[in-house]
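# Structural characterization, general
Read off the chains here:
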Amino acid sequence: LGNRNLIINGAMQVAQRGTSSTSDSYQTVDRFRIATNSVDEAPTQAQVDVTSGTEPFTKGLRKAFRITNGNQTSGAGVVDTIHAIYTIEDQDLANSGWNHKSSSSYITLSFYVKSSVAQNFFFFLQSDNGSQFRYVMETGSLSADTWTKITKTIPGNTNIVLNNDNGIGMYIVWPQFDGTDRTGTRPLNAWAALDNTSRTPDQTSTWYTTDNATWEITGIQLEVGSVATDFEHRSFGEELSLCQRYYYKHCEGTDKDICSGGYYRADLSLGSVHFPVTMRSAPSLDHTTGTDYYRIYANNTFDNFNNFQLVSGGVNSAALDSLTGTSGTLGQAGRIATAANSAAYVAFNAEL
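Report follows, based on the coordinates. Along each chain, the written sequence defines residue order, and numbers are assigned to residues from 1. This being a predicted model, a pLDDT of at least 70 is required before a residue's local features are given, and a value of 80 or more before pairs of side-chain atoms are given or counted; all residues contribute to the totals for chains, interfaces and linings. Only hydrogens and water are set aside when side-chain values are computed; all heavy atoms of the structure are taken into account.

## Here we look at the environment of Thr-197
The secondary structure listing takes helices from DSSP runs of H or I that are at least 4 residues long and strands from runs of E that are at least 2 residues long, numbered from the N terminus. With respect to the element layout, Thr-197 can be found in the loop between β11 (191-193) and α3 (206-209). On a C-alpha basis, the gap between Thr-197 and Thr-180 in space is 8.3 Å, while along the polypeptide they are 17 residues apart. Here, two residues are considered to be in contact whenever any of their heavy atoms come within 4.5 Å of each other. Those residues in contact with Thr-197, other than ones at most four positions away along the chain, are Asp-181, Arg-182 and Thr-183. In the analysis that follows, any N or O atom pair within 3.5 Å is treated as a polar contact, provided that within protein one partner can donate a hydrogen and the other can accept it, and provided that, for residues neighboring in sequence, both atoms belong to side chains. Reaching out from Thr-197, the side chain makes a polar contact with the side chain of Asp-195 at a distance of 2.6 Å.

## As for the sheet that holds strand β14 (residues 257-265)
Strand order across the open sheet formed by 7 strands is β18-β17-β21-β14-β15-β20-β19, with antiparallel pairing between neighbours. The sheet is open, and its two borders are formed by β18 (301-305) and β19 (309-313), each paired with just one other strand. The sheet shows a mean angle of 30 degrees between the axes of neighbouring strands, direction not considered. Bridge count between β14 and strand β15 (residues 268-274): 4 bridges; the pairing is antiparallel. Across the sheet, Arg-265 pairs through a bridge with Leu-268, a residue of β15. Whether two strands pair depends on DSSP finding at least two bridges between them. A fitted line through C-alpha atoms represents every axis, and for helices the fit uses only the stretch in contact; the resulting angles, taken between N-to-C directions, go from 0 to 180 degrees.

## Things to note about the packing of aromatic side chains
Pairing of aromatic rings covers Phe, Tyr and the six-membered ring of Trp, with a centre-to-centre limit of 6.5 Å; geometry is then stacked below 30 degrees between planes, edge-to-face above 60, and tilted otherwise. For the structure on display, the rule yields 14 aromatic pairs. Relative to Phe-275, the ring of Tyr-248 lies with its centre 6.2 Å away and its plane at 70 degrees, an arrangement referred to as edge-to-face. One end of the pair, Tyr-248, is in strand β13 (residues 247-252); the other, Phe-275, is in the loop between β15 and β16 (284-287), with 27 residues separating them in the sequence. Residue classification places Tyr-248 among the buried positions, given a relative accessible area of 10%. Since its relative accessible area comes to 9%, Phe-275 is described here as buried. The residue whose ring lies beneath Arg-31 is Tyr-86, and the NZ or CZ to ring-centre distance is 5.1 Å. Just above the ring of Tyr-246 sits the side chain of Arg-245; from NZ or CZ to the centre is 6.0 Å. Only protein chains enter the accessibility calculation, which uses a 1.4 Å probe. A residue is then buried if its area is under 20% of the maximum for its type, exposed if over 50%, and partly exposed in between. Placement of a positive charge over a ring is assigned whenever Lys NZ or Arg CZ falls within 6 Å of the ring centre and within 35 degrees of the normal to the ring plane.

## Brief notes about empty space enclosed by the protein
The pocket and cavity definitions rest on a 1 Å grid over protein atoms only: a 1.4 Å probe that fits but cannot leave marks a cavity, an open set with protein on both sides within 12 Å along at least five of seven lines marks a pocket, and residues lining either have an atom within 4 Å of a point. Grid points are joined across faces, edges and corners, and a volume is the space filled by probe spheres set on the points. Considering all chains together, one arrives at 1 cavity of 30 Å³ or more under this definition. Approximately 40 Å³ is the volume found for the largest cavity. Forming the boundary of the largest cavity are Gln-119, Asn-120, Phe-121, Phe-122, Pro-175, Gln-176, Phe-177, Gln-203 and Thr-204. Sorting elements by how many residues they give to the lining of the largest cavity places strand β10 (residues 168-178) first, with 3 residues. Class assignment for the residues of the lining of the largest cavity results in 4 nonpolar, 5 polar and no charged. When residues are grouped by polarity, Ala, Val, Leu, Ile, Met, Phe, Trp, Tyr, Cys and Pro land in nonpolar, Asp, Glu, Lys and Arg in charged, and all others, Gly among them, in polar.

## Overview of the sheet that holds strand β12 (residues 214-224)
Taken in spatial order, the 6 strands line up as β1-β3-β4-β12-β6-β9 in an open sheet, and their pairing is antiparallel. Looking at the sheet topology across the chains shown, the edges are occupied by β1 (20-21) and β9 (148-155). Relative to β12, strand β4 (residues 63-68) runs antiparallel, the two being bridged by 4 bridges. Opposite Arg-66, over in β12, you have Glu-216 as the bridge partner.

## Details of the state of the cysteines
Two cysteine sulfur atoms form a disulfide, by the criterion used here, when they sit within 2.5 Å. All chains considered together, the criterion is met by 0 disulfides. Here Cys-259 stays free of any disulfide, with the sulfur of Cys-251 as its closest cysteine sulfur at 8.8 Å. By relative accessible area, which is 10% here, Cys-259 ends up buried.

## Quick notes on the side chain of Gln-221
Structurally, the position occupied by Gln-221 is in strand β12. There is a polar contact of 3.3 Å between the side chain of Gln-221 and the backbone oxygen of Asp-230. Not counting the four nearest positions on each side in its chain, Gln-221 is found in contact with Arg-4, Asn-5, Ile-7, Thr-108, Leu-109, Ser-110, Thr-229, Asp-230, Phe-231 and Glu-232.

## Thoughts on the environment of Arg-295
Position of Arg-295 relative to the elements: it lies in strand β17 (residues 294-298). Distance in space between the C-alpha atoms of Arg-295 and Leu-125 is 46 Å, their sequence separation being 170 residues. Those residues in contact with Arg-295, other than ones at most four positions away along the chain, are Phe-302, Asp-303, Asn-304, Phe-305, Arg-335, Ile-336, Ala-337, Thr-338, Ala-339 and Ala-340.

## A few points about the pattern of salt bridges
We count a salt bridge whenever a side-chain nitrogen from Lys or Arg sits within 4 Å of a carboxyl oxygen from Asp or Glu. With the rule as written, the count across this model stands at 13 salt bridges. The salt bridge partner of Glu-351 is Arg-17, with a shortest N-O separation of 2.9 Å. You can see Glu-351 sitting in the segment after β22 (345-349) and its partner Arg-17 sitting in the segment before β1, a full 334 residues away along the chain. Each member of the pair, Glu-351 as well as Arg-17, carries the same accessibility label: buried.

Right under this line is the structure:
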């Protein structure tokens, strides 16, 4: 019964980037991001604790992904948007055992959700390849500040295309709000062609217009079959390894090792980082820059420098150089590390 859950980090345990942010995209809980449009104040996304005594807590779930609405002073605009999004890799679905072309073959999505405002929310599964299709569902009316378990069984459809590769297979999208330019007539619990002017039926705006309203989710499971089984718990180490395929935080903080390296020119140092798991694709470099954020220790001294660049690499390793600023001896070996700045970090990003 293992390896049922196609969702990575569905228990929200791993947050390599941090635990709170007012920025869009991937910023906190791994594999989950938010997207906004035309908001008056940026919402806050965060990894939070699940309160003891609640149903998710009794099921062994200790963390949740929370979105806190800002103060949307101009009300519910027609193009306003706040979404939580999870993206599924193509080959994970293609090799799952789900016959996605057959209406008699099913996948089942289940999760716990909580809103500080009592209302109904829509959410949907969206294919990405070929002609895109959406399957829109609803939570039903949620009681304020109460965890509710949602379970939906979704059939296959002959229009769905899944590729056996490392691209995007499907999205799961939970809109906290979409304005009326993006909503309208839309069937529920049925596949229908993509229409971004009618993503879901018109949405209640109460949550969106309530200052600092919160929306939380945890225990997300997507599995093959028509029955929702108990949440598949994985260890923190297992979830971290799965997350590192998409994002790997290599080091962070003061005087943390980056790699062994050396001077390949008197003013440039070079080193290689090997990833703990094979990444989804050759990653981009994600790091902080600033005066004396990094240093190379060599010949019983060190040189500070401000920035890195990724000069080569693939899915298993990357080569970094210091751009400019070092002053050493050609061919001299050294230890490359962060300097005396707690904000310094080096990470690698291969997110979908």
